[in-house]
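What the coordinates show
If you want the building blocks of each chain, they are given just below.
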Amino acid sequence: DGSPTIRAERLAFGDTAGRNEAWLRDTLFAYPDLLPLRDIDPSFGPLIPLCTELRTDAGPLDIAFINRFGRLTLVECKLWRNPQARREVVGQILDYARELARYSYEDLQRQISVARKESGNVLYALAQAAGSALDEARFVDRVSRDLAAGRFLLLVVGDGIAEGTRRIGEYLRAQPGLAFDFGLIEIVEYRLTDSEG
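About the cut-offs
- Residues numbered from 1 in each chain as written.
- Predicted model: local features only at pLDDT ≥ 70, side-chain atom pairs only at ≥ 80, totals over all residues.
- Heavy atoms only, no water.
- Helix = DSSP H or I, 4+ residues; strand = E, 2+ residues; numbered from the N terminus.
- Contact = heavy atoms within 4.5 Å.
- Phe/Tyr/Trp six-rings, centres within 6.5 Å; stacked < 30°, edge-to-face > 60°.
- Lys NZ or Arg CZ within 6 Å of the ring centre and 35° of its normal.
- Core = buried A, V, L, I, M, F, W, Y, C linked by side-chain atoms within 4.5 Å.
- Buried < 20%, exposed > 50% of the residue type's maximum accessible area, 1.4 Å probe, protein only.
- Arc of directions from axis to C-beta.
- Salt bridge = Lys/Arg side-chain N within 4 Å of Asp/Glu carboxyl O.

Quick look at the environment of R142
Locating R142 in the fold gives a position in helix α6 (residues 136-149). A sequence separation of 37 residues divides R142 from Y105, and the C-alpha atoms of the two residues are 9.5 Å apart. Among residues more than four places away in sequence, those in contact with R142 are F69 and L134.

Below you can see the structure in the form of structure tokens.
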């Protein structure tokens, strides 16, 4: 019929078409449903974006999410072309988790408020707006217990996961008794092209 056909072309492994890690971070923060929690641990969803660049003593965490029950998900974004995308990224996200496990609820609330430039109990307000049935005291207690136990979902997200990083991730997931859950996520980008039909 002569109308153009839209085709999706998968970008090659490591070809980010000029995109950077900030683009990946901001995209995931804006569209948390891109993260396949149902395949990793659905009890951490649905994700409520808290902030990007959460300050910790180990450095800035790319993204922090929470769900309406107070469960925290920590995300570190790395692109394949970044040399840290190999092994260091796993150690990096573990460092963030270790630092957050030292936080009290008030410490976390303070850092989230600074990052979001908002005051009040931002964590609870966001969870409540997303449909949390927990009263504020129970919500604060639940988050506090998870912080103290280091009970988080840790996600490393990139445009490609190196084999060495994949093996470390598989090792971590196989260890019984760890308080945190761990996942490696490869985000594939497609380029849409027009062609005459």
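Right, picking up where we left off after that structure.
Some thoughts on the environment of L147
By secondary structure assignment, the location of L147 is in helix α6. If sequence neighbours within four positions are ignored, L147 has contacts with L72, L100, A101, Y103, S104, Y105, L108 and F152.

Some remarks on the packing of aromatic side chains
The full count for this structure, using the stated rule, is two aromatic pairs. Between R71 and the ring centre of F44, over which it is positioned, the NZ or CZ distance is 3.9 Å.

Brief notes about the nonpolar core
Grouped together as the largest cluster of nonpolar side chains are 34 residues, with contacts concentrated most on L108 and F139. When contributions to this core are tallied by element, the ones reaching two or more residues are β2 (48-56), β3 (59-66), β4 (72-78), α3 (88-100), α4 (105-116), α5 (122-129), α6 and β5 (153-158). With six residues, α3 is the single largest residue contributor to this core. By size, the runner-up hydrophobic cluster in this structure holds 16 residues, among which are L28, L35, F44 and F65.

Structural notes on unusual backbone geometry
Put simply, G45 and P46 share a cis peptide bond, and its omega is -15°. At E53, a position not held by glycine, the phi torsion is positive, near 55°. With respect to the secondary-structure elements, E53 resides in strand β2. Judged by its relative accessible area of 30%, E53 is partly exposed.

Thoughts on helix α1 (residues 21-30)
For α1, the complete set of buried residues consists of L24, R25 and L28. The arc enclosing the buried residues of α1, seen along the axis, measures out at 100°, which places them on a common side. Each element contacted by the buried residues of α1 is listed here: β2, β3, β4 and β5.

Overview of the pattern of salt bridges
Side chains carrying opposite charge are able to pair once their charged atoms draw close together. Tallying each qualifying case throughout the model produces nine salt bridges. With a closest N to O distance of 3.1 Å, E76 and K78 form a salt bridge. As far as the burial class goes, E76 and K78 line up, both buried. Note that D146 and R151 form a salt bridge whose closest N and O atoms lie 2.6 Å from each other. Classification of D146 by relative accessible area gives buried; the value is 6%. A network of salt bridges, in which partner residues are shared, links D95, R98, E99 and R102.

Without other data, these values stay purely geometric and don't point to any function.
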